[in-house]
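Listed below are the residues making up each chain.
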Amino acid sequence: MTNENKVKSFNSKEDAENLLKESRNRIDEIDNELFDLICQRTSIAKDVALAKDYLGLPIYDKSREDAIHAKIEKLSEENDIDIDIINQIVDMLTILNKNEQNEILRRNVDG
């Protein structure tokens, strides 16, 4: 068993409270990083939308979404993370990007 998978034992209530506080602070930092990454991912939607529009491709690309899900499924298995929940997260990110692409194309047409 690796160190990160070992169950921690505590010598005092203070040790447990400190670990809880540190862990929650790190979760907050990770949440901020995730939000920044989602913003970056979504901002790329403009480039994708304009390229798809020029190439005459639809916003929805089943083969691309299938490839993303296959990649995520493999990563989930390798990291022992619940694939159903990860698929839901990927679906939400995909919807966010498709909505952004549609909005960009609408604005592009409407001027």
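Refer to the preceding data block for the structure.
Presented here is an overview of the structure given in this document.

Parameters and conventions
Along each chain, residue indices are assigned from 1 in the same order as the chain's sequence is written. Note on the predicted model: pLDDT of at least 70 is required for a residue's local features to be given, and 80 or more for side-chain atom pairs to be given and counted; whole-chain, interface and lining totals, by contrast, use all residues. Hydrogens are left out, water is left out, and the side-chain values use all remaining heavy atoms of the structure. Secondary structure follows DSSP: runs of H or I at least 4 residues long count as helices, runs of E at least 2 residues long count as strands, and numbering of each begins at the N terminus. To get the radius of gyration, use the C-alpha atoms; to get the globule rule, take the number of residues to the power 0.38 and multiply by 2.2 Å. Throughout this description, buried means an accessible area under 20% of the type-specific maximum (1.4 Å probe, protein chains only), exposed means over 50%, and partly exposed covers the range between. Here, the term nonpolar core denotes a set of buried Ala, Val, Leu, Ile, Met, Phe, Trp, Tyr and Cys residues that are joined through side-chain atoms within 4.5 Å. Should any heavy atoms of two residues lie within 4.5 Å, those residues are considered in contact. Lines fitted to C-alpha atoms define the axes here, with helix axes fitted over just the stretch in contact, and angles between the N-to-C directions of these axes take values from 0 to 180 degrees. Roughly parallel means an angle under 35 degrees; roughly antiparallel, over 145; roughly perpendicular, 65 to 115; everything else is oblique. In this scheme the crossing of two helices becomes right-handed for a clockwise turn of the near helix relative to the far one and left-handed for an anticlockwise turn of less than a right angle. In this classification, Asp, Glu, Lys and Arg are treated as charged, Ala, Val, Leu, Ile, Met, Phe, Trp, Tyr, Cys and Pro as nonpolar, and every other residue, Gly included, as polar. Salt bridge criterion: a side-chain nitrogen from Lys or Arg within 4 Å of a carboxyl oxygen from Asp or Glu. Residues enter a patch when their relative accessible area is above 30% and they make no salt bridge; the linking distance is 9 Å between like charges and 5 Å between nonpolar side chains (Val, Leu, Ile, Met, Phe, Trp, Tyr). All accessible areas in this document rest on Shrake-Rupley with a 1.4 Å probe, and a residue is counted as covered only by the protein chains that are shown.

1. Describing the overall build of the protein
- Along its length, the protein carries four helices and zero strands.
- In the protein, the succession of helices and strands from N to C terminus is α-α-α-α.
- Scaling as 2.2 N^0.38, a compact globule of 111 residues should have a C-alpha radius of gyration of about 13 Å, whereas the protein reaches 20 Å, well beyond that.
- Across its three principal directions, the C-alpha atoms of the protein cover 65 × 30 × 15 Å.
- Buried positions account for 18% of the 111 residues belonging to the protein.

2. Comments concerning the nonpolar core
- If you look at the biggest cluster of nonpolar residues, it comprises five residues: Ala45, Ala49, Ile59, Ile104 and Leu105.
- Of all the secondary-structure elements, those providing two or more residues to this core are α2 (45-55) and α4 (83-110).
- Ignoring anything within four residues of it in the chain, the contact list for Leu105 reads Ala49, Asp53 and Ile59.

3. Side note on the packing of helix α1 (residues 13-43) against α4
- Between α1 and α4, the shortest axis-to-axis distance is 9 Å and the interhelical angle comes to 40°. Here α1 is positioned oblique relative to α4, judged by the angle of their axes. The chirality of how α1 crosses α4 is right-handed. For the pair formed by α1 and α4, the contact residues are Ile38, Arg41 and Thr42 on the first element and Leu93, Thr94, Leu96, Asn97 and Glu100 on the second.
- Tallied by class, the residues present in the contact of α1 with α4 amount to three nonpolar, three polar and two charged.

4. A look at the pattern of salt bridges
- A complete count under the given rule lists eight salt bridges for this structure.
- Notably, a salt bridge pairs Asp66 with Lys62, separated by 2.9 Å at the nearest N-O pair. Here the residue Asp66 and the residue Lys62 both occupy positions in helix α3 (residues 62-79), the gap between them amounting to four residues, near one helical turn.
- Several salt bridges share partner residues, and in doing so they unite Arg26, Glu29 and Glu33 into one network.

5. Remarks on a nonpolar patch on the surface
- Residues Ile30, Leu34 and Leu37 make up a contiguous nonpolar surface patch of roughly 260 Å² in combined accessible area.
- According to the relative accessible area criterion, Ile30 is partly exposed, its value standing at 34%.

6. Brief notes about unusual backbone geometry
- If you check the backbone angles, Asp80 has positive phi at about 55° while not being a glycine.
- Counting through the fold element by element, Asp80 comes out in the loop between α3 and α4.

7. Considering the side chain of Lys52
- Relative to the assigned elements, Lys52 resides in helix α2.
- With near-sequence residues (within four places) excluded, Lys52 lies in contact with Leu57, Pro58, Ile59 and Gln101.

8. Quick word on the environment of Phe10
- With respect to the helices and strands, Phe10 occurs in the segment before α1.
- When residues no more than four places from it in sequence are discounted, the contact partners of Phe10 are Asp15, Ala16 and Leu19.

That is the geometry; function is a separate question.
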